Amino acid sequence: MTTRDPRRIRPAALGLVVALLALTGCTDTGARADGSGAHHSPVTATHATHVEPFTHEGRPAPGFTVVDHAAAKCSASGVNLSDPDARRCMTTEGYFLYDPCFVRHHPRPDVALCVQNPTTSQAMHIRIVEDTAAPADGERPGRPWFLELADGRHCVPAPGPGRGPGSGSDSGRPTYTCGSDDHLYGPPDTTRPVWTITDRPAGADAPGAPQRVRIRTAWL
């Protein structure tokens, strides 16, 4: 498993894709921002990461555990917008949807590994039977597709209109979701070593006051 220089922020990663969870934004929430649950080390700098999913020979990189295989039709990812190798893939049997998946290039671009949670080592192996990805022309937004917050929560892009890069801060729509009634708003502030993002903790009746929360790791 080879981690690149954080300044070269282009993702592919590890983890089991539970496809419908990635699209609805339901992930393991971890510890809460109020300090309950597990204890975590202080964040002194956000780690922007990219992990190669394949070896040069086209095999899953060391550290991956392939937990299942399927054939699928793939198109451009709706979760990871910054990587031209990212796909969303629907299996030809059962019609399960996985997003993001990452296409290998050697020896042939006919295989992908699908991930949801890059903090784990599990992956879904996809045999691509059709690929209709969008052209790789133009600038791609450098929006993280998975966040691990300082308190341990895991967050993915929120479905719907709030998904666009930079959207949500004025519209009131969440840009990331960390579980049921647990959302983040606006884009991450990346101007300091520790990136932050706006959180509105869920209360019994309504979300609490906005607050900035620290990002431990961002996958882009």
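Residues numbered from 1 in each chain as written. Predicted model: local features only at pLDDT ≥ 70, side-chain atom pairs only at ≥ 80, totals over all residues. Heavy atoms only, no water.

Comments concerning the state of the cysteines
(1) Moving on: According to the stated counting rule, one finds 3 disulfides in the structure shown.
(2) Moving on: Linked covalently through their sulfurs, Cys74 and Cys89 form a disulfide whose S-S length is 2.1 Å. The sign of the S-S torsion, about 110°, decides the handedness of the disulfide formed by Cys74 and Cys89: right-handed. With Cys74 in strand β2 (residues 65-76) and Cys89 in strand β3 (residues 86-91), this residue pair connects regions lying 15 residues apart in the sequence. No difference in accessibility class separates Cys74 from Cys89, as the two residues are buried.
(3) Moving on: In this model Cys155 forms its disulfide with Cys178; the gap between the sulfur atoms is 2.0 Å. The S-S bond linking Cys155 to Cys178 shows a torsion near 100°; that makes this disulfide right-handed. Highlighted residues: Cys155 in strand β8 (residues 154-157) and Cys178 in strand β9 (residues 176-179), separated in sequence by 23 residues. Comparing Cys155 with Cys178 shows no difference in burial state: the two are buried.
(4) Moving on: By sequence order of its bonded cysteines, the chain has the disulfide arrangement 1-2, 3-4, 5-6. (Disulfide = S-S within 2.5 Å. Helix = DSSP H or I, 4+ residues; strand = E, 2+ residues; numbered from the N terminus. Buried < 20%, exposed > 50% of the residue type's maximum accessible area, 1.4 Å probe, protein only.)

Notes on the environment of Leu147
(1) Moving on: Along the polypeptide, Leu147 turns up in strand β7 (residues 146-149).
(2) Moving on: Placed 68 residues apart in sequence, Leu147 and Ile215 show a C-alpha to C-alpha distance of 6.9 Å.

Examining the confidence of the model for the chain
Where the model shows low pLDDT, its predicted coordinates should not be examined in detail.
(1) Moving on: When pLDDT is averaged along the chain, the result is 78, and 71% of the positions lie at 70 or above.
(2) Moving on: Taken as a whole, residues 162-170 scores under 50 in pLDDT and shows 22 contacts with residues more than four places along the chain or in a different chain. (pLDDT = per-residue confidence, 0-100. Contact = heavy atoms within 4.5 Å.)

Thoughts on the packing of aromatic side chains
(1) Moving on: Inspection of the entire model under this criterion finds 3 aromatic pairs.
(2) Moving on: Between Phe102 and Trp145, the ring centres sit 6.1 Å apart and the planes meet at 50°, which makes this aromatic pair tilted. Here the residue Phe102 occupies a position in strand β4 (residues 97-103), and Trp145 occupies one in the loop between β6 (122-132) and β7, the gap between them amounting to 43 residues.
(3) Moving on: Given the relative accessible area of 1%, Phe102 is considered buried.
(4) Moving on: In textbook terms, an aromatic cluster arises when at least three aromatic residues are bridged by ring pairs, as seen for Phe102, Trp145, Phe146 and Trp219.
(5) Moving on: Lying over the aromatic face of Tyr185, Arg200 brings its terminal NZ or CZ to 5.3 Å of the ring centre. (Phe/Tyr/Trp six-rings, centres within 6.5 Å; stacked < 30°, edge-to-face > 60°. Lys NZ or Arg CZ within 6 Å of the ring centre and 35° of its normal.)

A closer look at the pairing of β4
A regular strand places its side chains on the two faces of the sheet in alternate fashion.
(1) Moving on: Across the 7 residues that make up β4, a large majority, 7, are buried.
(2) Moving on: Looking at chain direction, β3 and β4 are connected through 4 bridges and run antiparallel. By the bridge assignment for β4, Arg87 is matched with Cys101.
(3) Moving on: Across 3 bridges, the pairing between β4 and strand β5 (residues 111-114) is antiparallel. Residue Val103 lies in a different strand from β5, and its bridge partner there is Ala112. (Pairing = 2+ DSSP bridges.)

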